[in-house]
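Each chain is listed here by its residues.
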Amino acid sequence: DAGITQSPRHKVTETGTPVTLRCHQTENHRYMYWYRQDPGHGLRLIHYSYGVKDTDKGEVSDGYSVSRSKTEDFLLTLESATSSQTSVYFCAISPVGDPTYEQYFGPGTRLTVT
Amino acid sequence: QQQVKQSPQSLIVQKGGISIINCAYENTAFDYFPWYQQFPGKGPALLIAIRPDVSEKKEGRFTISFNKSAKQFSLHIMDSQPGDSATYFCAATTIFTSGGSYIPTFGRGTSLIVHP
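Described below are features of the structure shown in this document. These figures come from a predicted structure and were not determined experimentally.

Some details on the overall build of chain A
Stage number 1. A tally of regular secondary structure across chain A gives zero helices and 11 strands.
Stage number 2. Relative to the globule expectation of 13 Å for 114 residues, the C-alpha radius of gyration of chain A, 13 Å, shows essentially globular dimensions.
Stage number 3. Taken along its principal axes, the extent of the C-alpha atoms in chain A is 40 × 30 × 25 Å.
Stage number 4. Taken over 114 residues, chain A has a buried fraction of 49%.
Stage number 5. Within chain A, counting contacts between residues at least 6 apart in sequence, those at least 24 apart form 54% of the total.
Stage number 6. As displayed, chain A offers around 5200 Å² of accessible surface, 46% of which is attributable to carbon and sulfur atoms.
Stage number 7. For chain A, the centre of its 11 positive side-chain charges and the centre of its 13 negative side-chain charges are spaced 4 Å apart.

Regarding the pairing of strand β3 (residues 19-25) of chain B
Within a regular strand, the side chains alternate between the two sheet faces.
Residues and elements named next belong to chain B.
Stage number 1. Covered by surrounding structure in β3 are S19, I21, C23 and Y25 only, the residues I20, N22 and A24 on the alternate face being uncovered.
Stage number 2. Note: strand β1 (residues 4-7) against β3, four bridges, orientation antiparallel. By the bridge assignment, S7 is partnered in β3 with N22.
Stage number 3. With six bridges joining them, β3 and strand β8 (residues 72-77) adopt antiparallel strand pairing. Bridging across to β8, A24 finds its partner in Q72.

Brief notes about the interface of chain B and chain A
Stage number 1. In this complex, chain B contributes 21 residues to the contact, which on the side of chain A involves 22 residues.
Stage number 2. Approximately 1700 Å² of surface area, both sides summed, lies buried where chain B meets chain A, with 59% of it carried by carbon and sulfur atoms.
Stage number 3. The three residues of chain B that bury the most area against chain A are Y102, I103 and F106 of chain B, which together make up 29% of that side's buried surface.
Stage number 4. Inspection of the chain B/chain A interface yields zero salt bridges.
Stage number 5. Put simply, chain B and chain A have two residue pairs in polar contact (both at pLDDT 80 or more) between them.
Stage number 6. The residue makeup of the side of chain B that touches chain A, split by class, is 11 nonpolar, seven polar and three charged.

What about the state of the cysteines?
Stage number 1. For the coordinates displayed, the defined rule picks out two disulfides over all chains.
Stage number 2. The disulfide that involves C23 of chain A links it to C91 of chain A, with 1.9 Å between the sulfurs. Every disulfide takes its handedness from the sign of the S-S torsion; for C23 of chain A and C91 of chain A that torsion is -70°, giving left-handed. In this pair, C23 of chain A is assigned in strand β3 (residues 19-25) and C91 of chain A in strand β9 (residues 87-94), connecting sequence segments 68 residues apart. Per residue, the accessibility class of C23 of chain A equals that of C91 of chain A, and both read buried.
Stage number 3. One disulfide bridge connects C23 of chain B with C90 of chain B, the sulfur atoms lying 1.9 Å from each other.

A word on the sheet that holds strand β7 (residues 62-67) of chain B
All names here are of chain B.
Stage number 1. With respect to topology, five strands assemble into an open sheet ordered β1-β3-β8-β7-β6, the strand pairing being antiparallel. Every other strand in the sheet has two partners, leaving β1 and β6 (56-59) as the edge strands with one partner each. Pairwise comparison of adjacent strand axes, ignoring direction, gives a mean angle of 15° for this sheet.
Stage number 2. Two strands pair when backbone bridges link them, and β7 and β8 are joined in this way by six bridges, in the antiparallel orientation. Its bridge partner lying in β8, F66 is registered against F73.

Description of the side chain of Q38 of chain B
Stage number 1. Within the fold, Q38 of chain B resides in strand β4 (residues 33-38).
Stage number 2. When its relative accessible area of 7% is taken as the criterion, Q38 of chain B is described as buried.
Stage number 3. Looking at Q38 of chain B, its side chain comes within polar contact range of the main-chain oxygen of K42 of chain B, at 2.8 Å.
Stage number 4. Ignoring any residue separated from it by four or fewer positions in sequence, one finds Q38 of chain B in contact with Q37 and F90 of chain A together with G43, P44, A86, T87 and F89 of chain B.

Topic: the nonpolar core
Stage number 1. In terms of nonpolar packing, the biggest core is built from 24 residues, with F33, W35, F73, L75 and Y88 of chain B touching the most fellow members.
Stage number 2. Counting only elements with at least two residues in this core, the list comes to β2 (10-14), β3, β4, β5 (45-50), β7, β8, β9 (86-92) and β11 (110-115) of chain B.
Stage number 3. Element by element, the count of residues in this core is highest for β9 of chain B, at four residues.
Stage number 4. Ignoring anything within four residues of it in the chain, the contact list for Y88 of chain B reads Q6, I21, Y36, Q37, L47, F62, L75, I77, G109, T110 and L112 of chain B.
Stage number 5. Listed in part, the 20 residues of the second largest apolar core include Y31, L45, F90 and A92 of chain A.

Cut-offs applied
- Residues numbered from 1 in each chain as written.
- Chains lettered and ligands numbered in written order.
- Predicted model: local features only at pLDDT ≥ 70, side-chain atom pairs only at ≥ 80, totals over all residues.
- Heavy atoms only, no water.
- Helix = DSSP H or I, 4+ residues; strand = E, 2+ residues; numbered from the N terminus.
- Rg over C-alpha atoms; globule rule 2.2 N^0.38 Å.
- Buried < 20%, exposed > 50% of the residue type's maximum accessible area, 1.4 Å probe, protein only.
- Contact = heavy atoms within 4.5 Å.
- Areas by Shrake-Rupley, 256 points an atom, 1.4 Å probe, with all protein chains shown as cover.
- Lys, Arg positive; Asp, Glu negative; His and termini not counted.
- Charge placed at Lys NZ, Arg CZ, Asp CG, Glu CD.
- Pairing = 2+ DSSP bridges.
- Buried area = accessible area lost by both parts, 1.4 Å probe.
- Salt bridge = Lys/Arg side-chain N within 4 Å of Asp/Glu carboxyl O.
- Polar contact = N/O pair within 3.5 Å; in protein donor to acceptor, adjacent residues only side chain to side chain.
- Nonpolar A, V, L, I, M, F, W, Y, C, P; charged D, E, K, R; others polar.
- Disulfide = S-S within 2.5 Å.
- Axes fitted to C-alpha atoms, helices over the stretch in contact; angles between N-to-C directions.
- Core = buried A, V, L, I, M, F, W, Y, C linked by side-chain atoms within 4.5 Å.

So, in structure tokens, the structure goes:
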């Protein structure tokens, strides 16, 4: 398994509170991504990073911010959690330049906003 | 606008049968088409991928068929087994024509159940 971990794995929070999810990799891969997975919607990209301090928005970035101050860590922050942000969040990493261009996904974080 | 359309949303197959999942794309600049497999409670994992310079790629019981003119590609699982029961995602990206960025667009997924 690729060296990618997510924390926490499960979280329940209240509407209006800030939440930060952490993705940590030991592979030194350049690209890191945050996705959310919801029934009927598949995997939707929230934000991605192509290097330290280099980030960009995905298709569902409203209400989310990210930071990457080190190669190995990519943080996703829900500034003021809403019930619509209840979802399973996956982090992924990719070397981009490896011949397979594979994305390696973490185990996911199940977030419930009450 | 959904750039990669995947069908069916769910699929039930008997053990030993053939499972077929289809994807269609709109962006003719897409040049890399991976398929991911996801088991319950786990993250997706790369299953097989194809580039548009070939029409078919086979790895074991899994085959991708690619039709560039129709902008369609499909996953065929031969001799389907109960252990193949999972969610399958197709994806597409412009990796070789975009200066090296890699932002795949995913289909919405197909839930496959293989009955014993």
